[in-house]
Amino acid sequence: MLRRLIKRLTNNLGLKILALLFAVAMWMAVVNISDPTINKPFTAAVTIENENAVTAMNKYFEFENESAYVTFNVLGKRSIIQELSSSDFKAVADMSQLIQGTDKSIVPVEITAQRYASQLTISKRVQEIKVSLEDLMSTTLVIQAGTQGKPAEGYALGTMEVTPNLLKVSGPKEVVSRIDSVKAVVDISGMSTSVSDGVVPVLLDDKEEAIDTTRLTLNLKAVTVKVNIISEKTVPVKASYTGKPASGFEVISVKTDPPEVTIKGRSEILNSISTITIPENVISVDNVDEKFEQQVDLTKYLPDGVSLSNSKEASIIVKVDVEELERRVFKVPSQNISVDNLPEGYRIEFHGESVDMVIYGLKNDLDALTIQELHPVLDVGGKMAGSHVGQLQLLLDNKYIAGDNQISYTIYSDTGQGTGDNDPDNNSPGNGGIGDTIADDQTGTETNTDTDDGADRP
């Protein structure tokens, strides 16, 4: 029985094997026609691993191409290939495998399939990418608050605060070394109340131009900036002085440059301030005989809680104008002299028809002064009949200074009594007494203008 079965199986064995091979070939042909094997290119982004291996060398790396991508071909059944996209493949650059060279450095990139890995064939499964290496630099910078625009009328910029205020930056030394400052800017245009806003810090070079941060690593993406908006007010600046200038000189004016400044602070403080005063002990004119200027730090004299809106106004100039006085002699008719406190029943006679009055002042002021404006007054209170010498008082503007203006005169009693009992020296007019002598001295050699050495000046 067994022999018969074996005989049947081996009968025409060659034909049977040929038929089997033909059947397999036919099956494969049918399969390939319905789901053939195809080859398709894919492009995948390179994923970086072990980046700290380069950082540990104090180096910064960058792929030479702007974007790190690799392109490869995948062989597989059409039904599978058609289901795949670039995201089904992973291209990994292991920076610990970096190969440094004199002219260039390379890192291997291994490509793997995330799906159907056993049914796919990837050409150039391992590729190489060129890498450029630069010195790595890290630094920590203070973030400065900044503003753009101006607050509403009557308001000013107060204190500013940045939170957090430190920014850590790392990247190529060539880029990091160009950073001069970091600013976080808030727009305060038209604001009358305080502002708090999230701001992206901007890195600036020494020309205040923004630096591209594409190649840099920053530990912060945004910070919070708080800006206080406070009241503002413009007030005059006043200055005084101590001491007296040299003999024959006078302080004409004390002015400040600028004459007014803008201050800022809380409104309740500003409302009580009408002027900023520089204390008189700051400026001394002792023995000064010419105009001068003095620089003063105004911030020392600002009330607590008040500051200058413009820091450039902190140092102001006090200009003190000191000028020499001229001496001018005016011949005033005696009849223009007013008499005060003359006792009842007495009369007075002046020794001379006029009196020379010395006035000191600036040339322009003296040129404008007329005799009619001089109103000399003689106070004879307590004087009795007889000859006397009295000091004339002048009611003048404070820009003039009167000299030692004296006049001799005689008081007579209208009761008919002579002057002998009250005037033992008998100095009545016309008898050659002291009164005549003094009158002659007063009206002797003086002229209308005098440029002497100042001995007669106050």
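Now for a look at the structure at hand. (Residues numbered from 1 in each chain as written. Predicted model: local features only at pLDDT ≥ 70, side-chain atom pairs only at ≥ 80, totals over all residues. Heavy atoms only, no water.)

Helices and strands together make up the secondary structure of the chain, namely 8 helices and 29 strands. Within the chain, the proportion of its 458 residues that are buried is 34%. Across the chain, every contact between residues at least 6 apart in sequence was considered, and the portion connecting residues at least 24 apart equals 75%. If you sum the accessible surface of the chain, you get close to 27,600 Å²; carbon and sulfur atoms cover 48% of it. (Helix = DSSP H or I, 4+ residues; strand = E, 2+ residues; numbered from the N terminus. Buried < 20%, exposed > 50% of the residue type's maximum accessible area, 1.4 Å probe, protein only. Contact = heavy atoms within 4.5 Å. Areas by Shrake-Rupley, 256 points an atom, 1.4 Å probe, with all protein chains shown as cover.)

All right, on to unusual backbone geometry then. Across the junction of Thr163 and Pro164, the peptide omega takes the value -15°, indicating a cis bond. Residue placement: Pro164 occurs in the loop between strand S8 (155–163) and strand S9 (166–172). Notably, Asn50 is not glycine yet its phi reads approximately 55°, a positive angle. Looking at where Asn50 falls in the secondary structure, it is placed in the loop between strand S1 (37–49) and helix H3 (52–55). For Lys124, which is not glycine, the phi dihedral falls at a positive 50°. By secondary structure assignment, the location of Lys124 is in the loop between strand S6 (121–122) and strand S7 (126–148).

This next bit is on the nonpolar core. Ile263, Ile278, Leu298 and Val320 are the most contacted members of the largest nonpolar core, which has 27 residues in total. Sorting the residues of this core by element identifies strand S14 (223–239), strand S15 (249–257), strand S16 (260–265), helix H6 (267–270), strand S17 (276–278), strand S18 (292–297), strand S19 (306–308) and strand S20 (315–324) as the ones contributing at least two each. Per-element accounting of this core gives the leading share, 4 residues, to S20. When near neighbours in sequence (up to four residues on either side) are disregarded, Leu298 contacts Val237, Val261, Ile276, Ile278, Leu308, Glu313, Ala314 and Ile316. Listed in part, the 26 residues of the second largest apolar core include Phe61, Phe72, Leu98 and Leu120. (Core = buried A, V, L, I, M, F, W, Y, C linked by side-chain atoms within 4.5 Å.)

Throughout the structure, instances matching the rule amount to 15 salt bridges. The salt bridge involving Arg215 is made with Glu62; its shortest N-O contact spans 3.4 Å. Residue Arg215 is located in the loop between strand S12 (202–204) and strand S13 (217–218), and its partner Glu62 is located in strand S2 (residues 59–63); the two are separated by 153 residues in the primary sequence. Note on Arg215: relative accessible area 24%, which makes it partly exposed. Residue Asp365 pairs with Lys399 through a salt bridge whose shortest N-O separation is 3.9 Å. (Salt bridge = Lys/Arg side-chain N within 4 Å of Asp/Glu carboxyl O.)

Here we come to the pairing of S7. Both faces of the sheet carry side chains from a regular strand, because those side chains alternate between them. Sheet topology places S2 next to S7; 5 bridges connect them, and they run antiparallel. Along S7, the bridge assignment pairs Glu62 with Ser132. Sheet topology places strand S5 (residues 105–113) next to S7; 6 bridges connect them, and they run antiparallel. Looking across to S7, one finds that Glu110 is bridged to Val126. (Pairing = 2+ DSSP bridges.)

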